[in-house]
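So you can see what is in the structure, the chains are spelled out below.
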Amino acid sequence: MGNGLSDQTPILSSLQPFQSFHIVTLGLDCAGKTTVLYRLQFNELVNTALTKGFNTEKSKVTVGKPKTDTFHFKDVGGQEKLRPLCTDGIAFVVDSVNVERMEEVRSELHKITKRSEVLVLTTANKQDLRSSVSLFLSEKFLAVWELSSSTPWHLQPTCAILGDGLKT
Ligand code: G3D
Ligand code: MG
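K.L.:
Describe the pairing of strand β5 (residues 119-125), and please don't skip the residues or the numbers.
P.N.:
Of all seven residues in β5, seven are buried; the element is thus mostly enclosed. Burial of the side chains of β5 extends over both faces: L119, L121, T123 and N125 are buried on one face and V120, T122 and A124 on the other. In the classification by handedness, the crossover that spans strand β4 (residues 89-95), the intervening helix α2 (residues 102-115) and the parallel β5 is right-handed. In this structure, β5 lies alongside strand β6 (residues 153-157), joined through five bridges in parallel fashion. Looking at β6, one finds that T123 is bridged to Q156. Note that the unit made of β5, helix α3 (residues 135-142) and β6 has a crossover that is right-handed.

Next comes the structure, spelled out in structure tokens:
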């Protein structure tokens, strides 16, 4: 679901025609930001440690043929003061199991979409877990229909452990 992207389009290919794209991963601690980042970069499960400061990673992802776009991913470890102001897109990772913190997540997501006009890819992560809330409920918890219309956004169910929903 989203306001600017087709649900049928793999998330990174929807970012065309940019050739070099700076993306920052945001979300509460333990949502799976670092796992999502490594899954997108290497298509592998990488054991994560608590992110201190930020990791900056650069990777080349082939999107369509014969075009190759470069994506620069930045994982800022959830620290507000380190959030870079200049970014082309935001990957906002939500822990779909942690219902207790959904209000906090919703408030953060709405703040972000209000103050930036860059693409916000929101992932309803941890869909492999039985206790995760459905996409329908995530939309409700996050009040996505109230998101700023000037910000292109897309909500994608994902499992960063298996890579579901994160195919480039
Ligand atoms: P963060 O960078 O947002 O703080 P991490 O989060 O990427 O470090 O992930 C926090 C924990 O959630 C990790 O487990 C990680 O393996 C797990 N995780 C991330 N994505 C998923 C997912 O899609 N499904 C499941 N089941 N777990 C996920 P640990 O045990 O290392 O704390
Ligand atoms: Mg991390």
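On we go from here.
K.L.:
Explain the nonpolar core residue by residue, including any values.
P.N.:
Of all hydrophobic cores here, the largest spans 19 residues; its most connected members are I90, F92, V120 and L142. Where this core is concerned, the elements lending two or more residues are β1 (20-26), β4, α2, β5 and β6. Element by element, the count of residues in this core is highest for α2, at four residues. The contacts of V120, once residues within four sequence positions are left out, are I90, F92, L109, I112, T113, T151, P152, W153 and H154. Judged by nonpolar contacts, the second largest core, of six residues, contains A31, L40, V93 and L166.

K.L.:
Go over the pattern of salt bridges, please, and point to the residues and values.
P.N.:
In total, this model carries four salt bridges according to the counting rule given. In this structure, E108 engages K111 in a salt bridge whose closest nitrogen and oxygen atoms are separated by 3.6 Å. Within this pair, E108 and its partner K111 are both found in helix α2, separated by three residues, close to a single helical turn. Residue class for E108 comes out buried when judged on its relative accessible area of 12%. With relative accessibility at 42%, the residue K111 sits in the partly exposed group. Taken together, the shared-partner salt bridges in this structure form one network comprising D29, R101 and E104.

Cut-offs used in this document
- Residues numbered from 1 in each chain as written.
- Chains lettered and ligands numbered in written order.
- Predicted model: local features only at pLDDT ≥ 70, side-chain atom pairs only at ≥ 80, totals over all residues.
- Heavy atoms only, no water.
- Buried < 20%, exposed > 50% of the residue type's maximum accessible area, 1.4 Å probe, protein only.
- Helix = DSSP H or I, 4+ residues; strand = E, 2+ residues; numbered from the N terminus.
- Right-handed = clockwise from strand over helix to strand, strands pointing away.
- Pairing = 2+ DSSP bridges.
- Core = buried A, V, L, I, M, F, W, Y, C linked by side-chain atoms within 4.5 Å.
- Contact = heavy atoms within 4.5 Å.
- Salt bridge = Lys/Arg side-chain N within 4 Å of Asp/Glu carboxyl O.

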